[in-house]
Amino acid sequence: MIQQQTQETFLTGITTTGTPHLGNYVGAIRPAIQSSQIGGHKAYYFLADLHALIKCQDPEMVRRSSREIAATWLALGLNTDNVVFYRQSDIPEIPQLAWFLTCVAAKGLMNRAHAYKDSVQKNLDDGQDPDYGITMGLFSYPVLMAADILMFNGSKVPVGRDQIQHIEMARDIGQRFNYLYGEHFVLPEAVVDDNMAVLQGLDGRKMSKSYGNTIPLFLDEKQLKKHINKIVTNLLEPGEPKDPDTSTVFQIWKAFATAEQTAEMRREFENGIAWGEAKKRLFELVNTEVSDARERYNQLLAEPDHIEAILKKGAEKAREYSVPFLDRLKAAVGISPLTP
Ligand code: TRP
């Protein structure tokens, strides 16, 4: 008998490379914290430090980033009594499950992953061997991500639009496992905020650590202003009407503003607001939203023991689920003690 899941389980992770930026905040952290405040569901939020190793082989960077990202979630008001907040690498059941899933995931499915295909394309564009610099970690990235999600039977996964494909792959892989071994996994769905899932960066491309075009979330005021001033705009003069829908300044505005503020800024663009003025207002808007959290963030960074204790407690809670569930999955695939 398949047990009907009566409650949604929210689950999402952030890769611990680099410093959290406005894109992470808008695309993942803010919706995740908001949904955790609605209550009525279980929630698992974690630092994807095993994923970090795929993109970053600088140990100090991985360490620093884990600390910063943990401090970020806590500073923004994550209530760790309501959600399970942990570090991926503290849950050894996840990489074990990743192996089970590797053994049922179709290679052809992985061939279609955007991140992998982009790397191959970049190599071809550069006249390189298509496999140049591509590790098995990158190729299997979606399998590890499927393990993250399926390990806790996450049903709703708040992510940026660029991650939808990975959630669909997790569904495919979970379905394949269920087909072979019985109904063990709930199939996850992506939760994408339509307006603002992928924020643009300084150069107008997706805001991403890999493009080096981010605005870090907790810059001091001076640096925040400086970064916002670096957002690329066109050369239209003050007084000349500007197109909000192709403007990064407007797009970021929209992600932080109320509906009325957005409508008003749209009018300002049509009336030819100067870029300098639009950026000044954007700075004020963003700064107001983040300034309290920035203070808490700086306090937390000065107390790593406190953060570590919270993560350890989170891992304990997570393993109350993952340890018995992995035992069940092991039995399902035929790995169990020889004697009952
Ligand atoms: N791949 C995600 C990103 O880069 C991070 C991530 C890892 C994740 N595991 C996950 C997100 C599981 C949601 C669920 O944004």
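Topic: the overall build of the protein chain
Here comes step 1: On a plain count of helices and strands, the protein chain comes out with 13 helices and five strands.
Here comes step 2: Computed over C-alpha atoms, the radius of gyration of the protein chain comes to 22 Å, within 12% of the 20 Å expected from 2.2 N^0.38 for 340 residues, which places it in the range of a compact globule.
Here comes step 3: Across its three principal directions, the C-alpha atoms of the protein chain cover 80 × 50 × 40 Å.
Here comes step 4: Per-residue burial over the protein chain gives 49% buried out of 340 residues.
Here comes step 5: The long-range fraction of contacts in the protein chain, counting pairs at least 24 apart against all pairs at least 6 apart in sequence, stands at 78%.
Here comes step 6: As displayed, the protein chain has an accessible area near 17100 Å², and 51% of this comes from carbon and sulfur atoms.
Here comes step 7: Here the protein chain contributes 37 positive and 43 negative side-chain charges, whose respective centroids are spaced 1 Å apart.

Remarks on the packing of helix α3 (residues 59–75) against helix α13 (residues 304–333)
Here comes step 1: Put simply, α3 and α13 touch, their axes get as near as 10 Å, and they point 80 degrees apart. It follows from the interaxial angle that α3 and α13 lie roughly perpendicular. Contacts between α3 and α13 pair Arg67, Ala70, Ala71 and Leu74 from the former with Pro304, Ile307, Ile310 and Leu311 from the latter.
Here comes step 2: Classifying every residue of the contact of α3 with α13 by side-chain character gives seven nonpolar, no polar and one charged.

Describing the nonpolar core
Here comes step 1: Membership of the largest hydrophobic core comes to 55 residues, with the highest contact counts inside it found for Leu22, Tyr45, Trp73, Phe85, Ile215, Ile252 and Phe256.
Here comes step 2: With 10 residues, the single largest contributor to this core is helix α12 (residues 275–301).
Here comes step 3: Split by domain, this core shows at least three residues from each of two domains, domain 1 (9–105 + 140–198 + 303–333) and domain 2 (218–298).
Here comes step 4: Setting aside residues up to four positions removed in sequence, Phe85 forms contacts with Tyr45, Leu47, Ala70, Trp73, Leu74, Leu78, Thr80, Ile310, Leu311, Gly314 and Ala315.
Here comes step 5: Counting 46 residues, the second largest nonpolar core, distinct from the first, contains Val84, Tyr116, Tyr141 and Ala170.

What about the domain arrangement of the protein chain?
Here comes step 1: Segmentation of the protein chain into domains returns domain 1 (9–105 + 140–198 + 303–333) and domain 2 (218–298).
Here comes step 2: Its C-alpha centre places domain 1 at a distance of 31 Å from the equivalent point of domain 2.
Here comes step 3: In this complex, domain 1 contributes 12 residues to the contact, which on the side of domain 2 involves 11 residues.
Here comes step 4: Ranking the residues of domain 1 by area buried against domain 2 places Leu22, Tyr25 and Ala75 at the top, with a combined share of 41%.
Here comes step 5: Inspection of the domain 1/domain 2 interface yields one salt bridge.
Here comes step 6: The interface formed by domain 1 and domain 2 includes four residue pairs in polar contact (both at pLDDT 80 or more).
Here comes step 7: If you list the elements that add at least two residues to the side of domain 1 that touches domain 2, you get α1 (22–38) and α3.
Here comes step 8: When its residues are assigned to classes, the side of domain 1 that touches domain 2 shows eight nonpolar, two polar and two charged.

Thoughts on the site of the ligand
Here comes step 1: As a matter of local geometry, the ligand sits amid 14 residues, with Thr15, Tyr141, Met145, Asp148 and Gln163 nearest to it.
Here comes step 2: Asp148 has a polar side-chain atom sitting 2.7 Å from a nitrogen atom of the ligand.
Here comes step 3: Between the ligand and the protein, one listed contact pairs a nitrogen atom with a side-chain N or O atom of Gln163 at 3.0 Å.
Here comes step 4: Alone, the ligand offers 370 Å² of accessible surface; in the complex the protein occludes 89% of this.
Here comes step 5: Elements supplying a minimum of two residues to the shell around the ligand: β1 (9–15), β2 (42–48) and α7 (136–151).

Re the pairing of β1
Here comes step 1: The buried fraction of β1 amounts to six of the seven residues, a majority that puts the element mostly inside the structure.
Here comes step 2: Note that β1 and β2 share seven bridges and pair parallel. Across the sheet, Gly13 pairs through a bridge with Phe46, a residue of β2.

Thoughts on a nonpolar patch on the surface
Here comes step 1: A contiguous nonpolar surface patch, about 340 Å² in accessible area, is contributed by Tyr179, Leu180 and Tyr181.
Here comes step 2: Tracing the backbone through its elements, the reader meets Leu180 in helix α8 (residues 164–181).
Here comes step 3: Relative accessible area serves as the criterion here: at 40%, Leu180 is assigned to the partly exposed category.

Description of unusual backbone geometry
Here comes step 1: Positive phi is not limited to glycine here, since Asn153 has a value of about 45 degrees.
Here comes step 2: On the secondary structure map, Asn153 appears in the loop between α7 and β4 (156–158).

Here's the deal with the environment of Glu295
Here comes step 1: Mapped onto the secondary structure, Glu295 falls in helix α12.
Here comes step 2: Sequence separation between Glu295 and Phe218 is 77 residues; the distance between their C-alpha atoms is 8.9 Å.

Description of the packing of aromatic side chains
Here comes step 1: The final tally for this structure, using the stated rule, is 17 aromatic pairs.
Here comes step 2: Between Tyr44 and Tyr86, the ring centres sit 6.3 Å apart and the planes meet at 80 degrees, which makes this aromatic pair edge-to-face. With Tyr44 in strand β2 and Tyr86 in strand β3 (residues 84–87), this residue pair connects regions lying 42 residues apart in the sequence. A single burial state applies to Tyr44 and to Tyr86, both of which are buried.
Here comes step 3: Here the aromatic residues Tyr44, Phe46, Tyr86, Phe152, Phe177, Tyr181, Phe185, Tyr321 and Phe325 are joined through ring pairs into a cluster of three or more.
Here comes step 4: When the ring centre of Phe256 is taken as origin, the NZ or CZ atom of Arg30, which lies over that ring, is 5.4 Å away.
Here comes step 5: Sitting over the face of the ring of Trp275, Lys242 holds its NZ or CZ atom 5.8 Å from the ring centroid.

Analysis parameters
- Counting of residues starts from 1 at the beginning of each chain's written sequence and follows it residue by residue.
- In view of the model being predicted, local features appear only for residues whose pLDDT reaches at least 70, and side-chain atom pairs are presented and counted only at 80 or more, with totals across whole chains, interfaces and linings using the full set of residues.
- Note that water and hydrogens are dropped before the side-chain values are worked out from all heavy atoms of the structure.
- Secondary structure elements follow DSSP: runs of H or I no shorter than four residues count as helices, runs of E no shorter than two count as strands, and numbering proceeds from the N terminus.
- Radius of gyration means the value over C-alpha atoms here, while the globule rule gives 2.2 Å times the residue count to the 0.38 power.
- The classification of residues rests on relative accessible area computed with a 1.4 Å probe and restricted to protein chains. Under 20% of the type maximum is buried, over 50% is exposed, and intermediate values are partly exposed.
- Contact criterion: two residues are considered in contact whenever any of their non-hydrogen atoms come within 4.5 Å of each other.
- Each accessible area value is a Shrake-Rupley result obtained with a 1.4 Å probe; residue values ignore everything except the protein chains displayed when judging cover.
- Neither His nor the chain ends is counted toward charge; the positive residues are Lys and Arg and the negative residues Asp and Glu.
- For charged residues, the charge sits on one atom: NZ in Lys, CZ in Arg, CG in Asp, CD in Glu.
- Note on geometry: axes are lines fitted to C-alpha atoms, helical ones only across the stretch in contact, with angles between N-to-C directions running from 0 to 180 degrees.
- Throughout, the term roughly parallel applies to angles under 35 degrees, roughly antiparallel to angles over 145, roughly perpendicular to angles from 65 to 115, and oblique to all others.
- Gly counts as polar in this scheme, as do all residues outside two lists: the nonpolar Ala, Val, Leu, Ile, Met, Phe, Trp, Tyr, Cys and Pro, and the charged Asp, Glu, Lys and Arg.
- Nonpolar core, defined: a set of buried Ala, Val, Leu, Ile, Met, Phe, Trp, Tyr and Cys residues in which side-chain atoms within 4.5 Å join the residues together.
- Where each domain starts and ends comes from a domain assignment, either automatic or drawn from a database.
- Buried area: the sum, over both parts, of the accessible surface (1.4 Å probe) that disappears when the two are put together.
- Any Lys or Arg side-chain nitrogen found within 4 Å of a carboxyl oxygen on Asp or Glu counts as a salt bridge.
- As used in this structure description, the phrase polar contact means that two N or O atoms lie within 3.5 Å; if the pair is within protein, one of them must be able to donate a hydrogen and the other to accept it, and residues adjacent in sequence are counted only when both atoms belong to side chains.
- Nearness of a residue to a molecule or strand requires only that one of the residue's heavy atoms be within 4 Å of it.
- For two strands to count as paired, DSSP must find a minimum of two bridges between them.
- Only residues whose relative accessible area exceeds 30% and that take part in no salt bridge are eligible for patches, with like-charged residues grouped when within 9 Å of each other and nonpolar side chains (Val, Leu, Ile, Met, Phe, Trp, Tyr) grouped when within 5 Å.
- Pairs were defined over the aromatic rings of Phe, Tyr and Trp, the Trp ring being its six-membered one, requiring ring centres within 6.5 Å. Orientation was assigned from the angle between planes: stacked under 30 degrees, edge-to-face over 60, tilted for the rest.
- Counted as over-ring charges are cases with an Arg CZ or a Lys NZ within 6 Å of the ring centre that also lie within 35 degrees of the ring normal.

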